[in-house]
There are 2 protein chains.
Amino acid sequence: MVNVAVLGYGTVGSGVVEIINKNNALISKRVGKEIQVKYVLDLREFEGDPVQKILTHNFEDIKNDKDVQIVVETMGGLHPAYEFVKAALEEGKNVCTSNKALVEAYGPELIALAKEKNVNFLFEASVGGGIPIIRPLRDCLAPEEVLEISGILNGTTNYILTEMTDNGSKFDDVLKDAQDKGYAEKDPTADVCGHDAARKIAILTSLAYGKSVAFEDVYTEGITEISDKDIVYAKNLKKKIKITGTARKNGDKVSIHVNPVLLSKAHPLYNIDGVYNAIMVRGNMVDDVVFTGQGAGKLPTASAVVSDVIEAAKFIDSNINIEWSEEKLSLEAFDDTEWQYFVRVQGNASDLSDSIKATFGDVSFQDAGFNEEVAFVTPKIAENKFNELINSFKLINKIRLS
Amino acid sequence: MVNVAVLGYGTVGSGVVEIINKNNALISKRVGKEIQVKYVLDLREFEGDPVQKILTHNFEDIKNDKDVQIVVETMGGLHPAYEFVKAALEEGKNVCTSNKALVEAYGPELIALAKEKNVNFLFEASVGGGIPIIRPLRDCLAPEEVLEISGILNGTTNYILTEMTDNGSKFDDVLKDAQDKGYAEKDPTADVCGHDAARKIAILTSLAYGKSVAFEDVYTEGITEISDKDIVYAKNLKKKIKITGTARKNGDKVSIHVNPVLLSKAHPLYNIDGVYNAIMVRGNMVDDVVFTGQGAGKLPTASAVVSDVIEAAKFIDSNINIEWSEEKLSLEAFDDTEWQYFVRVQGNASDLSDSIKATFGDVSFQDAGFNEEVAFVTPKIAENKFNELINSFKLINKIRLS
């Protein structure tokens, strides 16, 4: 018998209990041992819910029960999640978490502690919800030097951009609609400003290179400046606007950023629409591999947590090596990254086209029929150089090509 | 030090040696031990190639060397691959293979033998080339009851269908072109008739359900009957013709088949074009997850083999449980599967439309401007019923909708 304790009976936590119960026969068969949820920790009561029988309000009950071998942390937030996870690992219990903030902030410390205690700290659900990505990156792509990871890592923003593209809607209207439908949070900042995606690409990049990237060091730009006019231009360019989190190896440094990009049809992420997420990994041997699925949602995310529970149960007495040290990964300054830019500036073509060409070189002008603006795509140019050159113009918006 | 012996220095085998050498530092770091190729077995000589130094013509050298812990089988074919693999496992060596014929024919026996000897028999490269699918199915989707697996499992046929779709070319011309470019074999039977895909879906289905499916029991139909006219109709229907291998749970049985299908734009495999392969797994909790990449090619396939070598090296003294027994999976007869059919029959609409409606019910007629034929899409109907009803007409071709 393997006993599991679930910390936090919210959306994901209740999904974990549901999956372990509903698919119990096949899960227990795959583990080779019976699996059961022995405790659920939550401050609330759940009158009438069968969970009430295994509910506790006191983490000490779980910590002190030697029969609990696996702790699932689905509380979210940093505190007390960190303290509980650390205490569980110190007691020699395995921990599986869906908490990306925890993993991003304390990953290497908790991985090292798990190793010391010969147990496991697993976090498949922290990136990409139900999409298998952490474990494939660790195991299946282990022969690879990773050249690039690029992902559509946030369902809310992909839904908004897809609606703007397919229906010509405006950002604010789609956001409100997404909030009404429950796809977007009441406070959508973490999603629309790119912070959620920044945490996820920081985790993936740390795992791919075995060294730490803090999400504060990820250059991050959200989608709040994307207008319906940008969408029209994108269509004329036969491209789509997506927000991707990307890490790209450049010599011995890695550039890492979350920002809106214009993707051409040939890009592996071009067709990922709506609430779907996808992560492309480019290895030096295998070339491009893409993982697609639902990046959020109760049961998909809980399923990823349960896959960790199964792995922890199978390797209950041994640590699976995860390469992610406290050492900082050497990053390329965002100022040094090179892009082609799609640019809109205030003014008229007759006045500006000569100076635009003189400034940026071989640009390609874009006309979408809008008055009092000039749009163009630049040749490849470094970010700091672009920022310097664009100063002579009244910038409306710019979107990088990827 | 972990010593590897590679059986067969063909395309994949030489790729395995290349990856282990080129990415040696990071592979050894991920394993936690130095990895080296100690032997390559091949009947040929390779004068001037550094492999000559580690070349042997005699399998006994490998079998009898106690220092060889991992044997890579990339010879292909059933014999002597089977005898060598069995002998290696009996000697307590781990085996990693890319040989789908071997896995399909002897999988459960070799998995059981590996378990008995407390070593591993791994075969990530046998399906989907460089696409991680065997291990994610085993580990990441372990919480799931699999409702459906559907894959574009053969690059040659996907390339042919994509060229026919994008350029309006005829089957024979594209096949010849693909052969000239080296994308298709000189004898393309296994690809174009669907046998290659049938072996792959048989392996995936056996793993998903833990019981055996022989590829002879997979209903298999190739793409040789697909004409440029079918492609025109598909476009009018806003669908694409693809050949998929699919296993679908229906009550306590599983239907399994490889055949051309018409996919609508919303289908997860609709956008998988050219030589790309993709596998969609639908679980009862996670919903759809899709794995995309290059399904063939020297380095992608070799990378998958090396991912197995790394796993075998990490778990050198323990068996990883793989559920796949000799017991036969209970299959639904293909005659009982239900489909909508796109149908073309000889004749004129004025003569036939009444009898078509009387026979098939609420059909939707399709006009692509071709003379002396009538095309329509039927409601959902069982295969055996369709075969009975279509007898009153002169069938040109039919393609199932999926």
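No experiment lies behind these values; they were computed from the predicted model shown. The numbers attached to residues start from 1 for each chain and follow its sequence in the written order. Here chains are named by letter from A upward and ligands by number from 1 upward, in the order in which they appear as written. Owing to the predicted nature of the model, reporting of local features is limited to residues with pLDDT of at least 70; listing and counting of side-chain atom pairs is limited to 80 or more, with chain, interface and lining totals taken over all residues.

A. Just the sheet that holds strand β2 (residues 35-41) of chain A, in detail. All names here are of chain A. Strand order in the open sheet formed by six strands is β3-β2-β1-β4-β5-β6, with parallel pairing between adjacent strands. If you trace the sheet from one side to the other, it starts and ends with β3 (55-56) and β6 (121-122), each paired once. Both strand β1 (residues 2-7) and β2 contribute to a ladder of six bridges, which runs parallel. Bridge pairing in β2 places V2 opposite I35. Each pair of strands is called paired provided DSSP finds at least two bridges between the two strands. Helix numbering and strand numbering both begin at the N terminus, where a helix is a DSSP run of H or I of at least 4 residues and a strand a DSSP run of E of at least 2.

B. Summary view of the relation of the copies chain A and chain B. The fit set for superposing copies consists of C-alpha atoms from residues with pLDDT of at least 70 in both; the fit itself is least squares. With an RMSD of 0.0 Å, chain A superimposes on chain B once it is rotated by 180° and translated 0.0 Å along the axis. In short, the pair behaves as if placed about a two-fold rotation axis. For chain A, the minimum C-alpha distance to the rotation axis belongs to A:F291 and amounts to 2.5 Å. A shared binding surface is used by both copies, with 100% of the interface residues of chain A retained as interface residues in chain B. The contact criterion used is a C-beta to C-beta distance within 7 Å, with each C-beta placed from the backbone.

C. Local environment of the domain arrangement of chain A. Residue and element names in this part refer to chain A. Each domain span listed reflects an automatic or database assignment of domains. With domains assigned, chain A is organised as domain 1 (2-129 + 298-314), domain 2 (134-294) and domain 3 (335-401). The interface is formed by 13 residues belonging to domain 1 together with 15 residues belonging to domain 2. Of the residues forming the side of domain 1 that touches domain 2, the biggest block, six residues, is contributed by helix α5 (residues 100-116).

D. Spatial organisation of the environment of A:N348. Residue and element names in this part refer to chain A. Locating N348 in the fold gives a position in the loop between β14 (341-346) and α13 (349-360). Residue burial here comes from a neighbour count, namely the number of other C-beta atoms, placed from the backbone, that lie within 10 Å of the residue's own C-beta, with 20 or more meaning buried, 12 or fewer meaning exposed, and in between meaning partly exposed. Since 11 C-beta atoms lie within 10 Å of it, N348 is described here as exposed. Taking the C-alpha atoms as reference, N348 lies 36 Å from P268; in sequence the two are 80 residues apart. Not counting the four nearest positions on each side in its chain, N348 is found in contact with E372 and V374.

E. Just helix α7 (residues 155-167) of chain B, in detail. Residues and elements named next belong to chain B. Taking 1.5 Å per residue as the helical rise, α7 with its 13 residues ought to reach 18 Å, and the 18 Å between its terminal C-alpha atoms agrees with that figure. G155, T156, T157, N158, Y159, I160, L161, E163 and M164 are the residues of α7 that are buried. In the stretch just after α7, G168 is the one whose phi turns positive, near 65°. By this rule, a helix spans an expected 1.5 Å times one less than how many residues it contains.

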